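Examination of the molecular architecture
Residue-level listing of the chains:
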Amino acid sequence: GPAIEAARAAVKIPVLKPNEAMMEEAIATGPRITLLATFEPSLPAMRAELEQMAAARNARIDISVRAIPAALAALESGDGAEHDKQIAVAAEEFNDCDALLLCQFSMASAAERIPARRGRSVFTSPYSAVARLKQLLAAH
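The numbering scheme is per chain: residues are counted from 1 as the chain's sequence reads. The model is predicted, so local features are restricted to residues of pLDDT at least 70 and side-chain atom pairs to those at 80 or more, both for listing and for counting; the totals for chains, interfaces and linings are taken over all residues. The side-chain quantities take in all heavy atoms of the structure and omit both hydrogens and water.

1. Notes on the overall build of the protein
This is how it is decided: Strands here are runs of E lasting at least two residues and helices are runs of H or I lasting at least four, both read from the DSSP assignment and numbered beginning at the N terminus. A radius of gyration in this sense is built from C-alpha atoms; the matching globule rule multiplies 2.2 Å by the number of residues raised to 0.38. Three exposure classes are used, based on accessible area relative to the maximum for each residue type with a 1.4 Å probe and protein chains only: buried under 20%, partly exposed in between, and exposed over 50%. Between two residues, a contact is recorded if the distance between any of their heavy atoms is within 4.5 Å. All accessible areas in this document rest on Shrake-Rupley with a 1.4 Å probe, and a residue is counted as covered only by the protein chains that are shown. The sign given to each residue is positive for Lys and Arg and negative for Asp and Glu; His and the chain ends receive no count. Each charge is placed at NZ for Lys, CZ for Arg, CG for Asp and CD for Glu.
Helices and strands together make up the secondary structure of the protein, namely six helices and four strands. Listed N to C, the secondary structure of the protein is α-α-β-α-β-α-α-β-β-α in terms of helices and strands. Over its C-alpha atoms the protein spans a radius of gyration of 15 Å, differing by no more than 12% from the 14 Å that the globule rule assigns to 140 residues. For the protein, the C-alpha atoms occupy an extent of roughly 40 × 35 × 30 Å along the three principal directions. A total of 140 residues make up the protein; the buried ones form 41% of that total. Residue pairs in contact within the protein that sit at least 24 positions apart in sequence constitute 62% of those at least 6 positions apart. Summing over all exposed atoms, the protein offers an accessible surface of approximately 7700 Å²; the carbon and sulfur share of this is 56%. Of the side chains in the protein, 15 bear a positive and 17 a negative charge, and the two mean positions are spaced by 6 Å.

As structure tokens, this is what we get:
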């Protein structure tokens, strides 16, 4: 965080924190936000970051979290397809949210396996960040 803030101040090009664009999109989408992570220890920090961002925007949010350690184990053993399947299965438990966030960059590949649901948007850090950077660079 502090290093990224220093970089923002030092350069003239847009600089984003890894999850910044994804979380901003989620807050704008609606108050019911689900965080999915394959690495469970990352969830408290992700939740805190999201809560701080929502508070700074005076947005009320309701956060659900779910760890999917079996997906991480599959990825570590080289089974990317099983990794993505485990994430998609876990996502099905959260049909009643506005925004579903795949919290690790390594989870982005699973987004296409998560069925579309009316009223639920799926966000990943890499896709959200690239879209935001394109937008910022076009305006720059």
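2. With respect to the environment of alanine 88
Examined against the element boundaries, alanine 88 turns out to sit in helix H5 (residues 80-91). Residue classification places alanine 88 among the buried residues on the basis of a relative accessible area of 10%. Here the alpha-carbon distance between alanine 88 and proline 2, two residues 86 residues apart in the chain, equals 34 Å.

3. Let's talk about the sheet that holds strand E1 (residues 32-37)
Convention followed: Any two strands with at least two DSSP bridges between them are considered paired. Inter-axis angles, ranging from 0 to 180 degrees, are taken between N-to-C directions of lines fitted to C-alpha atoms, where helices are fitted over the stretch in contact.
Within the open sheet, the four strands sit side by side as E2-E1-E3-E4. Their pairing is parallel. Edge positions in the open sheet fall to strand E2 (62-67) and strand E4 (121-124), since each of these has one partner strand only. On average, each strand axis in the sheet is tilted by 20° relative to the strand beside it, whichever way the strands run. In terms of strand pairing, E1 meets E2 through six bridges, oriented parallel. By the bridge assignment for E2, alanine 37 is matched with alanine 67. Those strands touched by helix H6 (residues 125-139) are strand E3 (99-102) and E4, and its axis lies near 85° from that of E4.

4. Let's talk about the pattern of salt bridges
Note the threshold: Any Lys or Arg side-chain nitrogen found within 4 Å of a carboxyl oxygen on Asp or Glu counts as a salt bridge.
For the coordinates displayed, the defined rule picks out nine salt bridges. In this structure, the salt-bridge partner of glutamate 5 is lysine 17, at a minimum N-O distance of 3.2 Å. Of this pair, glutamate 5 sits in helix H1 (residues 2-10) while lysine 17 is found in the loop between H1 and helix H2 (20-29), placing the two residues 12 residues apart along the sequence. Measuring nitrogen to oxygen at the nearest pair gives 2.3 Å for the salt bridge that ties glutamate 92 to arginine 117. Of this pair, glutamate 92 sits in the loop between H5 and E3 while arginine 117 sits in the loop between E3 and E4; the two residues are 25 residues apart in sequence, bridging distant segments of the chain. Judged by its relative accessible area of 27%, glutamate 92 falls in the partly exposed class.

5. Some details on H5
Heads up, the condition is: What a helix is expected to span follows from its residue count: subtract one and scale by 1.5 Å.
Taking 1.5 Å of rise per residue, the 12 residues of H5 would be expected to cover 16 Å, and the 17 Å separating its terminal C-alpha atoms lies within 8% of that figure. Where the residues of H5 are buried, they touch E1, E2, helix H4 (69-76) and E3.

6. Focus on the packing of H2 against helix H3 (residues 43-56)
How we decide: By definition in this entry, angles of less than 35 degrees are roughly parallel, angles greater than 145 are roughly antiparallel, angles of 65 to 115 are roughly perpendicular, and the rest are oblique. In this scheme the handedness of a crossing depends on how the near helix is turned from the far one: anticlockwise by less than a right angle means left-handed, clockwise means right-handed. Classification used: nonpolar for Ala, Val, Leu, Ile, Met, Phe, Trp, Tyr, Cys and Pro, charged for Asp, Glu, Lys and Arg, polar for all others including Gly.
Packing of H2 against H3 brings their axes to within 10 Å, and their N-to-C directions diverge by 60°. Regarding the angle of H2 to H3, the classification is oblique. Viewed along their axes, H2 and H3 form a crossing whose handedness is right-handed. Contacts between H2 and H3 pair Glu20, Met22, Met23, Glu24 and Ile27 from the former with Met46, Glu49, Leu50, Met53 and Ala54 from the latter. Of the residues in the contact of H2 with H3, the class split is seven nonpolar, no polar and three charged.

Geometric values such as these leave the question of function open.
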